[in-house]
6 protein chains.
Amino acid sequence: METVVLVNGFACKDAKLVQANDFFFSGLHLMGNTSNAVGSRVTPVTVAQLPGLNTLGISMARIDFAPWGINPPHTHPRATEILTVIEGCIQVGFVTSNPENHLINKVLQKGDVFIFPKGLIHFQRNVGHGNAIAIVGLSSQNPGVITVANAVFGAKPDIPNDLLAKAFQVDVKVVDQIQSKF
Amino acid sequence: METVVLVNGFACKDAKLVQANDFFFSGLHLMGNTSNAVGSRVTPVTVAQLPGLNTLGISMARIDFAPWGINPPHTHPRATEILTVIEGCIQVGFVTSNPENHLINKVLQKGDVFIFPKGLIHFQRNVGHGNAIAIVGLSSQNPGVITVANAVFGAKPDIPNDLLAKAFQVDVKVVDQIQSKF
Amino acid sequence: METVVLVNGFACKDAKLVQANDFFFSGLHLMGNTSNAVGSRVTPVTVAQLPGLNTLGISMARIDFAPWGINPPHTHPRATEILTVIEGCIQVGFVTSNPENHLINKVLQKGDVFIFPKGLIHFQRNVGHGNAIAIVGLSSQNPGVITVANAVFGAKPDIPNDLLAKAFQVDVKVVDQIQSKF
Amino acid sequence: METVVLVNGFACKDAKLVQANDFFFSGLHLMGNTSNAVGSRVTPVTVAQLPGLNTLGISMARIDFAPWGINPPHTHPRATEILTVIEGCIQVGFVTSNPENHLINKVLQKGDVFIFPKGLIHFQRNVGHGNAIAIVGLSSQNPGVITVANAVFGAKPDIPNDLLAKAFQVDVKVVDQIQSKF
Amino acid sequence: METVVLVNGFACKDAKLVQANDFFFSGLHLMGNTSNAVGSRVTPVTVAQLPGLNTLGISMARIDFAPWGINPPHTHPRATEILTVIEGCIQVGFVTSNPENHLINKVLQKGDVFIFPKGLIHFQRNVGHGNAIAIVGLSSQNPGVITVANAVFGAKPDIPNDLLAKAFQVDVKVVDQIQSKF
Amino acid sequence: METVVLVNGFACKDAKLVQANDFFFSGLHLMGNTSNAVGSRVTPVTVAQLPGLNTLGISMARIDFAPWGINPPHTHPRATEILTVIEGCIQVGFVTSNPENHLINKVLQKGDVFIFPKGLIHFQRNVGHGNAIAIVGLSSQNPGVITVANAVFGAKPDIPNDLLAKAFQVDVKVVDQIQSKF
């Protein structure tokens, strides 16, 4: 009987049996499908796609943006992100924590690099005329993603609507309307 | 001339000069002022209030809730939180990361304990008839707090309203209205 | 056949199967039984009581003190402790490491907070007239406890009595007498 | 008088004064100059080029290869590397530690991703007909680079030639000849 | 004006100015003076003696024992210790944490190696006929030492004697007598 | 059925079943066999020889040198090394990373201590008239060893000889000759 041992939730392999394919992933040259509500697509290469990354403290992703596509506000609970623009023109930003909540933002051109510190809410959007592409590095093999709108208004089951109404200072009907979209 | 050296942004003291007051804070027995829009108040004891916590990896806070007060959805980018109810009845919840976005929630009574894992969006609210009080421990001397509504709709300057409209799938007017509150 | 995988010696659960109860513990409102030689009782909430704490870097405990009860000198080999007084009046102290061995101590009232840095020998005692209660946070899910008197004079088997006689600069008979109590 | 405090050897900035440019670097779209002995050029974006990376645990680089250019055997003493091919065809490899010294290697095409675990000796070379470009992420803001040939045969002052002769099992004259090149 | 920056409380040096002497210490071949109450002497090589160890996570020490000398029960709050016997015959032991308090002990001969896990109370004593010598490695550049007897009975000011009497289950007079020795 | 769980690739044991032998290794007093091409022998005490070291962050080794024996240039990808000379006279050195590649070196006598920072290429050689012995501590239970010559010229399969020829700026025939030795 074989027992697969999980460290950090992923399988480990005997060091003597590792092969090149354990460290290999293919497909970051392919454009992601951006035909969705936000006009963007993330193609991740984390420990979920490439088990050989386990314990190595890094991962990578490609982000595609349709014209005016956005990567909506989100956080990575376990990673800093460093991004470079491969093609197009991308506005990026993150918001500092309480109490300042400063928006630190910039419009990036091809070859520009930007950092999103660990755990902060950040976003990107295509502000050019064609498609845009970014490659990012993340400081964890398992960075996690929390899309704010989905986690807050699309949780299953719902976060109570009156609580969200108070938190966002809107009418409960507005909350119901947003929740119905997610 | 005295040079104050900052490690992690806070002053360090010569180990031979430390006194009991360097490890001491007073006031967690006092009810926080909950006369505000959310009906709650956090009284933190982190490295900002108690410099002796620097490098020690822990902090504490008291949270007061008016009847039906809420501690709105927020994250701590650098800490797990463990909470115990000192008085009252508090509903607590957190949302798991993408793609599940499961709401893990529970109504807590006096003496109950609950955990909010590092970096996840979570909230609390008073669901009893009187005031409620919680004491929490946090796994960092500098946990940080990001109140989701404030960071997203109250950033200074504003996150572009059309981006938020797409992210939350609402009309730009709804975004403008929410942003005007923060 | 089910295989329970132990990371840090405790079971891990598939992230998709977690439920609110995995993050929940009940009973910190209950007074611990202080009818013992030291007149105090610790009610811990560590990974041993709440497996969901595994890898999360924090734990909590309630400490009850009968009038003049003590929590005898001890260390946590893997955690800093932060304490707040919920009820009563508690003298607390820790001793800095060699060569200074300074006693840093203070009498705490309700609402006061004190820190015991990682690995240092510390103690608490009730110096008020009634019972006393403290809530503490610890910077590890598995902080460990070493009660100095028990580890030194109550080890099984005994640490050689002549060695302890030299270490504590007392007669071997005194060591024998103390060892007989533990 | 201004005192610049160095943590990890680099300046830290007051969190309230940070600006977008503190998180920004420009120029990764530019081809590096590969007119050198090895036919490759690394353009790094580490804490040395972008001080805002300090403490954030990640960095990035672009590597350009002339046709048949190589990035000679080297290690990063403090980082794992994840690489993706932006253009061209690149053979990559790393050698496992003693006693196996297995060469794990693969020819990568555009869009392929490969991992070089922390501290292991690795190399890349252009095996296509035109130029090649790679973007890499590194799991430290200060990964360090040790080019094996330069460190061993180009140290200043020289490592004793008889020692190297024994280590590489060659005549001292061969060592002298190699040392004269570096 | 020169500003010495302290990281972890010790001076850091510009990496370009480091010299061999920054990584060098002399004197571990010299027998320590064991003419003292416990008949042993530790010669440490930590960051306090060798500043170049800062941030490097290791230190070393030599321990000399007169015949029947002891290294009394102590802990290192920040380090595991690995010991090898250079000369003589040494009994070593450590006590596991609560509630077991098992004594794990062994008599070591020349060339034997033993481990004392981080933060646990441990001791050594010469059980041979001549002097004994050990060399130890410690998993921190600043391991710290807490000699239990000195910290508990020799703190300045004293830990209250009635508290220690309860903790060690002895008469207050016995505590007074022990405290007078330290 | 017994399931052996591997954490970091090595077996963990139930804390209640540990015995003194789990923390014990014997044999560092024995001279290693130096009848080999480099005239030295390392006797390691890492988690591979002593499983009880797992997770404890330290290991130890003895190094024997025949007269004029060398420990050829190598790195430990996961550890700093601290060395003390037990017998003889040993020249030690390490090379700083790019771009300086400074050789930091020193001749050590009995009782001298030297540090080799994590991941840097370093070497030792006997420069006295008799045998030489060193004891070293390493800041990881699993430090790893990469002997540069073996990893570069003795990899299985070979690193392509034309690539090495370019890297070391020698003729391909010289590379072939060196590779044939390993």
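I'd like a description of the overall build of chain A, backed by residues and values.
Within chain A, the secondary structure is distributed over three helices and 13 strands. In terms of overall dimensions, chain A has C-alpha extents of about 60 × 45 × 35 Å along its principal axes. In chain A, which comprises 182 residues, the proportion classed as buried is 60%. Considering only intrachain contacts with a sequence separation of at least 6, the fraction spanning at least 24 residues in chain A is 70%. Just so you have it, chain A exposes about 6800 Å², and 54% of that area is on carbon and sulfur atoms. Of the side-chain charges in chain A, 13 are positive and 12 negative, and the distance between the mean point of each set is 2 Å.

Lay out helix 2 (residues 161-168) of chain B in plain terms, naming residues and giving numbers.
Of the positions making up helix 2 of chain B, those classed as buried are Leu163(B), Leu164(B), Ala165(B), Ala167(B) and Phe168(B). Lining the buried residues of helix 2 of chain B we find strand 6 (70-75), strand 11 (121-126), helix 1 (148-153) and helix 3 (172-181) of chain A together with helix 1 (148-153) and helix 3 (172-181) of chain B. One or two residues past the end of helix 2 of chain B sits Gln169(B), with phi positive at roughly 55°.

Lay out the packing of helix 2 (residues 161-168) of chain A against helix 3 of chain A with the relevant residues and their values.
All names here are of chain A. Between helix 2 and helix 3, the shortest axis-to-axis distance is 8 Å and the interhelical angle comes to 110°. Classed by the angle they form, the pair helix 2 and helix 3 counts as roughly perpendicular. Packed against helix 2, whose contacting residues are Asn161, Asp162, Leu164 and Ala165, the element helix 3 presents Val172, Val175, Asp176 and Gln179 at the interface.

Before we move on, could you go through the environment of Thr46(E) and cite the residues and values that matter?
Looking at the secondary structure, you find Thr46(E) in the loop between strand 4 (40-45) and strand 5 (59-65). With 21 residues separating them in the primary sequence, Thr46(E) and Phe25(E) have C-alpha atoms 10.0 Å apart.

Explain the pattern of salt bridges to me, using residue names and the numbers behind them.
All names here are of chain D. Tallied over the entire structure, the rule returns 12 salt bridges over all chains. Between arginine 62 and aspartate 64 there is a salt bridge whose closest N-O contact spans 2.8 Å. Each member of the pair, arginine 62 together with aspartate 64, is buried.

Kindly report on the interface of chain B and chain A, identifying the contributing residues and their values.
Listed per partner, the contact involves 51 residues of chain B and 51 residues of chain A. Carbon and sulfur atoms make up 65% of the surface buried where chain B meets chain A, a total of about 4500 Å² over both sides. Considering only the side of chain B, the residues that lose the most area to chain A are Leu163(B), Phe168(B) and Gln169(B), jointly responsible for 13% of the buried surface there. Arg125(B) is paired through a salt bridge with Asp162(A); the nearest N and O atoms lie 2.8 Å apart. Connecting chain B to chain A are 16 residue pairs in polar contact (both at pLDDT 80 or more).

Requested: an account of the packing of aromatic side chains, with residues and values cited.
Overall, the coordinates contain 36 aromatic pairs over all chains when judged by the stated rule. Between Phe153(D) and Phe168(F), the ring centres sit 5.7 Å apart and the planes meet at 85°, which makes this aromatic pair edge-to-face. With Phe153(D) in helix 1 (residues 148-153) and Phe168(F) in helix 2 (residues 161-168), this pair bridges two chains. Considered together, Phe153(D) and Phe168(F) belong to a single accessibility category, that of buried residues. Note on Phe23(E) and Phe94(F): the rings are 5.0 Å apart at their centroids and 90° apart in plane angle, and the pair reads as edge-to-face.

Break down the sheet that holds strand 10 (residues 113-116) of chain D for me, with residues and values.
Within a sheet, adjacent strands bond to each other through the backbone by hydrogen bonds, running parallel or antiparallel. Strand order across the open sheet formed by six strands is 3(A)-10(D)-7(D)-12(D)-5(D)-4(D), with antiparallel pairing between neighbours. The strands lining the two open edges of the sheet, one partner per strand, are strand 3 (24-25) of chain A together with strand 4 (40-45) of chain D.

Let's hear about the domain arrangement of chain A: which residues, and what values?
The domain architecture assigned to chain A consists of domain 1 (6-144) and domain 2 (148-182). Measuring from the centre of the C-alpha atoms in domain 1 of chain A to the corresponding centre in domain 2 of chain A gives 27 Å.

A description of the relation of the copies chain B and chain A should follow, citing residues and the corresponding values.
Its rotation angle being 180°, the transformation that places chain B on chain A also includes 0.0 Å of axial translation and leaves an RMSD of 0.0 Å. Such a turn and shift between the copies fits a two-fold axis. In this assembly, 100% of the residues forming the interface of chain B have copies in chain A that are likewise at the interface, indicating an isologous arrangement.

I'd like a description of the environment of His122(E), backed by residues and values.
Residues and elements named next belong to chain E. Along the chain, histidine 122 turns up in strand 11 (residues 122-126). Linking histidine 122 and alanine 66, residues 56 residues apart in sequence, is a C-alpha distance of 19 Å. Engagement of the side chain of histidine 122 in a polar contact is seen with the backbone oxygen of leucine 120, the distance being 3.0 Å.

Explain the sheet that holds strand 13 (residues 146-147) of chain D residue by residue, including any values.
Pairing is antiparallel in the open sheet, where five strands are placed in the order 9-8-11-6-13 (chain D). The open sheet terminates on both sides in strands that have one partner only, identified here as strand 9 (103-108) and strand 13 of chain D. Across the face of the sheet, helix 2 of chain F comes into contact with strand 6 (70-75) and strand 11 (122-126) of chain D while running at roughly 75° to strand 6 of chain D.

Give a description of helix 3 (residues 172-181) of chain F that names residues and reports values.
Along helix 3 of chain F, the positions that sit buried rather than exposed are Val174(F), Val175(F), Ile178(F) and Gln179(F). Projected down its long axis, helix 3 of chain F shows its buried positions confined to an angular sector of 135°, all on one face. Exposed residues on helix 3 of chain F whose side chains face more than 90 degrees from its buried face are Lys173(F) and Ser180(F). Its buried side turned inward, helix 3 of chain F meets helix 2 (161-168) and helix 3 (172-181) of chain D together with helix 1 (148-153) and helix 2 of chain F.

Break down the pairing of strand 5 (residues 59-65) of chain F for me, with residues and values.
Residue and element names in this part refer to chain F. Counting buried positions over the seven residues of strand 5 gives seven, a clear majority of the element. On strand 5, burial covers both faces: Ser59, Ala61, Ile63 and Phe65 on one face and Met60, Arg62 and Asp64 on the other are all buried. As paired strands, strand 4 (residues 40-45) and strand 5 are joined by six bridges and run antiparallel to one another. Residue pairing across strands places valine 42 opposite isoleucine 63, the latter belonging to strand 5.

Please set out the side chain of His122(D) residue by residue, giving values where relevant.
Residues and elements named next belong to chain D. For histidine 122, a relative accessible area of 2% translates into the label buried. A distance of 3.1 Å separates a polar atom in the side chain of histidine 122 from a polar atom in the side chain of glutamate 81. With sequence-adjacent residues up to four places away left out, histidine 122 is seen in contact with Pro72, Pro73, His74, Thr75, His76, Glu81, Gly93, Phe94 and Phe116.

Quick notes on the rules
Residues numbered from 1 in each chain as written. Chains lettered and ligands numbered in written order. Predicted model: local features only at pLDDT ≥ 70, side-chain atom pairs only at ≥ 80, totals over all residues. Heavy atoms only, no water. Helix = DSSP H or I, 4+ residues; strand = E, 2+ residues; numbered from the N terminus. Buried < 20%, exposed > 50% of the residue type's maximum accessible area, 1.4 Å probe, protein only. Contact = heavy atoms within 4.5 Å. Areas by Shrake-Rupley, 256 points an atom, 1.4 Å probe, with all protein chains shown as cover. Lys, Arg positive; Asp, Glu negative; His and termini not counted. Charge placed at Lys NZ, Arg CZ, Asp CG, Glu CD. Axes fitted to C-alpha atoms, helices over the stretch in contact; angles between N-to-C directions. Parallel < 35°, antiparallel > 145°, perpendicular 65-115°, else oblique. Salt bridge = Lys/Arg side-chain N within 4 Å of Asp/Glu carboxyl O. Buried area = accessible area lost by both parts, 1.4 Å probe. Polar contact = N/O pair within 3.5 Å; in protein donor to acceptor, adjacent residues only side chain to side chain. Phe/Tyr/Trp six-rings, centres within 6.5 Å; stacked < 30°, edge-to-face > 60°. Pairing = 2+ DSSP bridges. Domains from an automatic or database assignment. Least-squares fit on C-alpha atoms with pLDDT ≥ 70 in both. Arc of directions from axis to C-beta.

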